Amino acid sequence: MNAPIASHVLTQLSNQHLDALEEETIFILREVAATFERPTLLFSGGKDSLVMLRCAEKAFGAGRLPYPLLMIDTGHNFPEVTAFRDQRAKELGAELIVRNVEDSMARGTVRLAHPGESRNVHQSVTLLEAIEEFRFDALIGGARRDEEKARAKERIFSHRDSFGQWQPKAQRPELWTLFNTRIAPGEHFRVFPISNWTELDVWQYIEREQIALPSIYYTHEREVVERRGLLVPVTELTPARDGEEVVVRDVRFRTVGDITCTCPVESTAASAADIVIETLAADVSERGATRMDDKTSDASMEKRKKEGYF
């Protein structure tokens, strides 16, 4: 994107609504701190969790985050992202708890159907084990309603039963921003402070606040193959198949996750301002454009969420 053109478009694009979104997010983050005994903030090192961290800094003051950060690591995450995660937690002086799917595999609570199976879906087991280990009663996450159909059904304060399961037909009303946070022993809440943000809002906020991100969010050259309408990165975990042509493309990641199911998109966007312009023109959601695991069926995410997935 030509810099003068991007600058001109951004000056014409209002970001006044970001103040209201930020205010709502700060209110929710403070509500969690005031209401629950053992909350935690899920932190992957991705853009949505970094936006929440910036709001948390404004809510509580720099270096005064009142709850630990939690990461469920599949062992197959992009190294640029995990390194950035560790760096950012250190800069904040925040407690970072990492729990690994590989440890659940060693305990036998996670069993793969075959060695090449994606571990992404199995994060649910490790997450529920971490909840039991630390007795968390609220988990704050960066899911947004515009990402995917199942996430669009979520309340901001989403109740989970004693098995960690979500019942979409039994959710509590949230009229006038009144949240029913009553829970029984063993139950917990998943809390989504940026539910009402869109992908465009996130990138406008990143551009306005000059939030640093892992480098793979911006354009870089990468070997990929075209598969099922997606650009699959060629790695040790996701090698090219027989007959597939490996090509080098200028790409970026719209979302970051497990290498085995996260794909980049073709892009030359080198800044948040460039990505704002690209996002304005996008006609496919970020998960629809980048996530192989969401393409199994329209109900795949809802099924996983009912079983404890975030």
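Refer to the structure above for everything that follows.
Anyway, here's the lowdown on the structure attached to this text. Note that the structure is a prediction, hence the values are computed from the model and not measured. (Residues numbered from 1 in each chain as written. Predicted model: local features only at pLDDT ≥ 70, side-chain atom pairs only at ≥ 80, totals over all residues. Heavy atoms only, no water.)

**So, the sheet that holds strand β10 (residues 265–266)**
Pairing is antiparallel across the open sheet formed by four strands, whose spatial order is β8-β7-β9-β10. A single partner strand is all that each edge strand has here, and the edge strands are β8 (230–233) and β10. (Pairing = 2+ DSSP bridges. Helix = DSSP H or I, 4+ residues; strand = E, 2+ residues; numbered from the N terminus.)

**Quick word on the pairing of strand β2 (residues 69–73)**
Every regular strand shows the same layout, with side chains that alternate between the two sheet faces. Most of β2 sits inside the fold, with five of its five residues counted as buried. Going residue by residue along β2, you find Leu-69, Met-71 and Asp-73 tucked away on one face and Leu-70 and Ile-72 tucked away on the opposite face as well. One crossover worth recording links strand β1 (residues 39–42) to the parallel β2 by way of helix α3 (residues 47–60), and it is right-handed. Of the strand pairs in this sheet, β2 and strand β3 (residues 96–100) are connected by five bridges, and their pairing is parallel. From the neighbouring strand, Met-71 faces β3, where its bridge partner is Val-98. Remark: the β2/helix α4 (residues 79–92)/β3 crossover connection has right-handed handedness. (Buried < 20%, exposed > 50% of the residue type's maximum accessible area, 1.4 Å probe, protein only. Right-handed = clockwise from strand over helix to strand, strands pointing away.)

**Quick look at the packing of helix α2 (residues 17–35) against α3**
A pair of packed helices is captured by two measures, namely the crossing angle of their axes and the spacing between those axes. Running from amino to carboxyl end, α2 crosses α3 at an angle of 70 degrees, the nearest separation of the two axes being 9 Å. Between α2 and α3, the angle is such that the two are roughly perpendicular. Our pair here, α2 against α3, has a crossing hand that is right-handed. Of α3, the residues touching α2 (which contributes Glu-22, Thr-25, Ile-26, Leu-29, Arg-30 and Ala-33) are Met-52, Cys-55, Ala-56, Lys-58, Ala-59 and Phe-60. Counted by class, the contact of α2 with α3 contains eight nonpolar, one polar and three charged residues. (Axes fitted to C-alpha atoms, helices over the stretch in contact; angles between N-to-C directions. Parallel < 35°, antiparallel > 145°, perpendicular 65-115°, else oblique. Left-handed = near helix turned anticlockwise from the far one by under 90°. Contact = heavy atoms within 4.5 Å. Nonpolar A, V, L, I, M, F, W, Y, C, P; charged D, E, K, R; others polar.)

**Quick word on the side chain of Thr-262**
Along the chain, the position of Thr-262 falls in the loop between β9 (247–252) and β10. From its side chain, Thr-262 meets the backbone oxygen of Asp-258 in a polar contact 2.8 Å long. (Polar contact = N/O pair within 3.5 Å; in protein donor to acceptor, adjacent residues only side chain to side chain.)

**Re the pattern of salt bridges**
Within this structure, the stated rule accounts for 24 salt bridges. A salt bridge links Arg-208 to Glu-22, with the shortest nitrogen-to-oxygen separation between them at 3.5 Å. Of this pair, Arg-208 sits in helix α8 (residues 199–209) while Glu-22 sits in helix α2, placing them 186 residues apart in sequence. Judged by its relative accessible area of 27%, Arg-208 falls in the partly exposed class. Residue Glu-22 is classed as buried on the basis of its relative accessible area of 11%. (Salt bridge = Lys/Arg side-chain N within 4 Å of Asp/Glu carboxyl O.)

**What about the nonpolar core?**
If you look at the biggest cluster of nonpolar residues, it comprises 51 residues, and the most contacted ones within it are Leu-41, Phe-157, Trp-203 and Ile-206. Element by element, the count of residues in this core is highest for α3, at eight residues. Non-local contacts of Leu-41, meaning those with residues more than four positions away in its chain, are made with Leu-29, Met-52, Leu-53, Tyr-67, Pro-68, Leu-69, Leu-70 and Ile-140. One finds Ile-97, Val-101, Val-110 and Ile-131 within the second-largest nonpolar core, a separate group that totals eleven residues. (Core = buried A, V, L, I, M, F, W, Y, C linked by side-chain atoms within 4.5 Å.)

**Comments concerning the environment of Ser-195**
Within the secondary structure, Ser-195 sits in the loop between β6 (188–191) and α8. With relative accessibility at 4%, the residue Ser-195 sits in the buried group. Considered as a pair, Ser-195 and Ala-152 are 43 residues apart in the sequence and their alpha carbons are 8.4 Å apart. In this structure, Ser-195 is in contact with Ala-143, Arg-144, Arg-145 and Ile-156, ignoring residues within four places of it in sequence.

**Looking at the sheet that holds β3**
Pairing is mixed in the open sheet, where six strands are placed in the order β3-β2-β1-β4-β6-β5. With one partner strand each, in any of the chains shown, β3 and β5 (157–160) form the two edges of the open sheet. Here the strands of the sheet are splayed against their neighbours by 30 degrees on average, with no regard to which way each runs. Note that β5 and β6 share four bridges and pair antiparallel. The residue of β6 that forms the bridge with Arg-160 is His-188.

**What about the environment of Leu-112?**
Tracing the backbone shows Leu-112 in the loop between α5 (101–107) and α6 (123–134). Leu-112 sits in the partly exposed class, given a relative accessible area of 24%. For Leu-112 and His-122, which are ten residues apart along the polypeptide, the C-alpha to C-alpha distance reads 8.6 Å. With sequence-adjacent residues up to four places away left out, Leu-112 is seen in contact with Met-105, Glu-117, Arg-119 and His-122.

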